[in-house]
Amino acid sequence: MPASSPCIRLCVLDPVTGLCEGCGRTGDEIAAWGALAEPERLRIMAGLPARLAAAYPEPETVPAPAVA
């Protein structure tokens, strides 16, 4: 059975956050991924959506002005 992975093939490490813009893992996590036990991979993967949301919040939408 292959190891679980959050990789979506958008592998770009953000120099500011240090996170992969695709999956949210750190460079260290990516490098160690193959050596991690499955429970550790699953634990990290469970936190990635919140990590990405905190690092890259959705911009607030401003309603368009009403046209008179």
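As the structure is a computational prediction, the values presented were derived from the model and not from experiment.

A.B. asks: Sorry, what's going on with the overall build of the protein chain here?
C.D. replies: When helices and strands are counted, the protein chain shows 2 helices and 0 strands. Here the protein chain has a C-alpha radius of gyration of 16 Å; the compact-globule value for 68 residues is 11 Å, and the former is much larger. Once the C-alpha set of the protein chain is aligned to its principal axes, its extents read approximately 60 × 25 × 20 Å. In the protein chain, once contacts between residues fewer than 6 apart in sequence are set aside, the share between residues at least 24 apart is 46%. Carbon and sulfur atoms provide 64% of the accessible area of the protein chain, an area that totals close to 5100 Å². Each charge sign in the protein chain was given a centre, from 5 positive and 8 negative side chains, and these centres are 10 Å apart.

A.B. asks: Would you explain the environment of Leu 42 in this entry?
C.D. replies: The topology assignment puts Leu 42 in helix H2 (residues 38-55). Put simply, Leu 42 and Ala 3 are 39 residues apart on the chain and 9.8 Å apart in space, counted from C-alpha to C-alpha.

A.B. asks: Would you mind showing me how to read H2 here?
C.D. replies: Given 3.6 residues per helical turn, the α-helix brings residues three or four places apart onto the same face. Taking 1.5 Å of rise per residue, 18 residues should cover 26 Å, and H2 covers 25 Å from first to last C-alpha, within 8% of that figure. Along its length, H2 shows its largest kink, about 40°, at Leu 48, and proline Pro 49 lies within four residues downstream of that point. Lining the buried residues of H2 we find helix H1 (27-32).

A.B. asks: I keep staring at a nonpolar patch on the surface and nothing clicks. Help me out?
C.D. replies: A cluster of nonpolar residues, Ile 8, Leu 10 and Val 12, forms a patch on the protein surface that exposes about 260 Å² of accessible area. In this structure, Val 12 sits in the segment before H1.

A.B. asks: What exactly am I supposed to notice about the packing of aromatic side chains here?
C.D. replies: Aromatic ring pairs are described here by two measures, namely the spacing of the ring centres and the angle between the planes. By the definition in use, this model includes 0 aromatic pairs. Between Arg 25 and the ring centre of Trp 33, over which it is positioned, the NZ or CZ distance is 4.6 Å.

A.B. asks: Explain the pattern of salt bridges to me, please; I cannot follow it from the model alone.
C.D. replies: Opposite charge on two side chains permits pairing when their charged atoms draw close. Under the defined criterion, the tally for this structure stands at 3 salt bridges. Across the pair Glu 29 and Arg 51 runs a salt bridge, and its minimum N-O distance is 2.7 Å. Placement of Glu 29 in helix H1 and of Arg 51 in helix H2 is noted, with a sequence separation of 22 residues between them. Linking Arg 43 and Glu 40 is a salt bridge whose minimum nitrogen-to-oxygen distance equals 2.7 Å. Note that Arg 43 and Glu 40 are positioned in helix H2 at a spacing of 3 residues, about one turn of the helix. Relative accessible area serves as the criterion here: at 52%, Arg 43 is assigned to the exposed category.

Rules used throughout
- Residues numbered from 1 in each chain as written.
- Predicted model: local features only at pLDDT ≥ 70, side-chain atom pairs only at ≥ 80, totals over all residues.
- Heavy atoms only, no water.
- Helix = DSSP H or I, 4+ residues; strand = E, 2+ residues; numbered from the N terminus.
- Rg over C-alpha atoms; globule rule 2.2 N^0.38 Å.
- Contact = heavy atoms within 4.5 Å.
- Areas by Shrake-Rupley, 256 points an atom, 1.4 Å probe, with all protein chains shown as cover.
- Lys, Arg positive; Asp, Glu negative; His and termini not counted.
- Charge placed at Lys NZ, Arg CZ, Asp CG, Glu CD.
- Expected span 1.5 Å × (residues − 1).
- Bend = angle between axes of the 7 residues up to and from the residue.
- Patch = residues over 30% accessible without salt bridge, like charges linked within 9 Å, V, L, I, M, F, W, Y side chains within 5 Å.
- Salt bridge = Lys/Arg side-chain N within 4 Å of Asp/Glu carboxyl O.
- Phe/Tyr/Trp six-rings, centres within 6.5 Å; stacked < 30°, edge-to-face > 60°.
- Lys NZ or Arg CZ within 6 Å of the ring centre and 35° of its normal.
- Buried < 20%, exposed > 50% of the residue type's maximum accessible area, 1.4 Å probe, protein only.

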